[in-house]
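For reference, the chains in residue letters:
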Amino acid sequence: MADCPKCGEHLKVTDWKQHCPHCGGNIVIYDIQERLMKDADIAEVQYYHFQKKIDRLKASFVGSRLAVVRIFTSLIPVLAIVVPFFKCNFNEPFVPFSGYFSLFSLLDILDKFNVDNILSLLDTSDGRLPLVLFLISVGLILLTVVLLLVRFFCLTMSCSKRGKSMCYGFDLSLLVLGVLSSVLLFIVPENPYFSIDFVIAPIVYLILLIVNFIVDIAIFKKGISVKHAPCFVGGIPIEEYFQMVENGVAQDEIRAEMYRRLAKLQEEKEAELKKEEAKK
């Protein structure tokens, strides 16, 4: 149970009545004004910290023109996976296919895939290395798509203390994985099961990743000004309130200043209402 707000004695579970059994004070209404003010102070400080996070989130996406551009440069590379990515020929044990391969091509033939037949190439001398290189390359491409989506959601933290290192880490990882995937496709040896010819999509994909990185560099070099909405604690600007607490100003003095400022704000509001009524 809690303590009595008047005498500070600990209250038992059986002390359920309105008055304290030790001092007789009314537990419910004793110093209720001050207790409500303290609760309000805590709520306003918590709101201030929450509001700062919201302001940083908004600035990450619309804090500048480059931040808005980054929204598009972050998602456009994903579209490169949808377009025909390479020209290929697949023979048995793959699903027979010849032409430009894209994500839609994969969806069309997905129900015809026989994984066991394809993995049987690992037991052949001429199919083991090509299949391993091809699967690793495709896996890396898919991994870059996942990282692009994760990176986009993590942009909400780009205006935080570690936002710069986080974004640069994503950008460098995407470039390394994209280059490695393209190199593996390029060095797949000739084999009787499949062949792959490059088209422009992998190059465009890498260019878009580079553009994405350049936009990030430009954003952090120029910086984003985070505009925080003004917050108050009992009518005192919160920065001034924190300074008063840090300077060791007595709580009674802070509370008196709050009442003075709140009264002044109330007078100003009443004056504005009177002006509006006079105009009407």
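Described in the following lines is the structure provided in the data block. Residue indices follow the written sequence of each chain, beginning from 1 at its first position. Thresholds applied to this predicted model are a pLDDT of at least 70 for local features of residues and 80 or more for the giving and counting of side-chain atom pairs; totals over whole chains, interfaces and linings are not thresholded and use all residues. By convention in this description, side-chain values take in all heavy atoms of the structure and omit both hydrogens and water.

**Some remarks on the overall build of the chain**
Right, so step 1: Numbering of helices and strands runs from the N terminus; a helix is a DSSP stretch of H or I covering at least four residues, while a strand is a stretch of E covering at least two. Looking only at helices and strands, the chain has 9 helices and 5 strands in total.
Right, so step 2: The helix and strand sequence of the chain, counted from the amino end, reads α-α-β-β-α-α-α-α-β-α-β-β-α-α.
Right, so step 3: The quantity called the radius of gyration is restricted to C-alpha atoms. Its globule counterpart is 2.2 Å times the number of residues to the power 0.38. Computed over C-alpha atoms, the radius of gyration of the chain comes to 32 Å, more than 25% over the 19 Å expected from 2.2 N^0.38 for 280 residues, which places it beyond the range of a compact globule.
Right, so step 4: The buried share of the chain, taken over its 280 residues, is 36%.
Right, so step 5: By definition in these notes, contact holds between two residues if any of their heavy atoms fall within 4.5 Å. In the chain, of all internal contacts separated by at least 6 residues, the share reaching a separation of at least 24 is 64%.
Right, so step 6: Charge counting treats Lys and Arg as positive and Asp and Glu as negative, with His and both chain ends excluded. Taken as the charge centre is NZ of Lys, CZ of Arg, CG of Asp or CD of Glu, depending on the residue. Distance from the positive charge centre (30 side chains) to the negative charge centre (31 side chains) of the chain: 6 Å. Relative accessibility decides the category of a residue: with a 1.4 Å probe and only protein chains considered, values under 20% of the type maximum give buried, values over 50% give exposed, and everything between is partly exposed.

**Observations concerning the environment of Ala218**
Right, so step 1: By the secondary structure assignment, Ala218 is in helix H7 (residues 200-222).
Right, so step 2: Classification of Ala218 as partly exposed rests on a relative accessible area of 29%.
Right, so step 3: Taking C-alpha positions, Ala218 is 35 Å from Leu135, a pair spaced 83 residues apart along the chain.

**Description of the environment of Glu240**
Right, so step 1: Relative to the helices and strands, Glu240 is located in helix H8 (residues 238-246).
Right, so step 2: Distance from Glu240 to Gly99, taken between C-alpha atoms, is 69 Å for residues 141 residues apart in sequence.
Right, so step 3: There is a polar contact of 2.6 Å between the side chain of Glu240 and the side chain of Arg261. N or O atoms within 3.5 Å of each other form a polar contact, as long as, within protein, one can give a hydrogen and the other can take it, and as long as residues adjacent in sequence are counted only when both atoms are side-chain atoms.

**Concerning the pattern of salt bridges**
Right, so step 1: Any Lys or Arg side-chain nitrogen located within 4 Å of an Asp or Glu carboxyl oxygen qualifies as a salt bridge. Applying the stated criterion across every chain yields a total of 7 salt bridges.
Right, so step 2: One salt bridge in this structure joins Arg151 and Asp216, with 2.5 Å as the shortest N-O distance. Here Arg151 is found in helix H5 (residues 128-154), whereas its partner Asp216 is found in helix H7, with 65 residues between them in sequence.
Right, so step 3: Since its relative accessible area comes to 1%, Arg151 is described here as buried.
Right, so step 4: We classify Asp216 as buried; its relative accessible area is 0%.
Right, so step 5: A salt bridge links Arg260 to Glu257; the nearest nitrogen and oxygen atoms lie 2.6 Å apart.

Everything listed is a geometric property; what it means functionally is a separate question.
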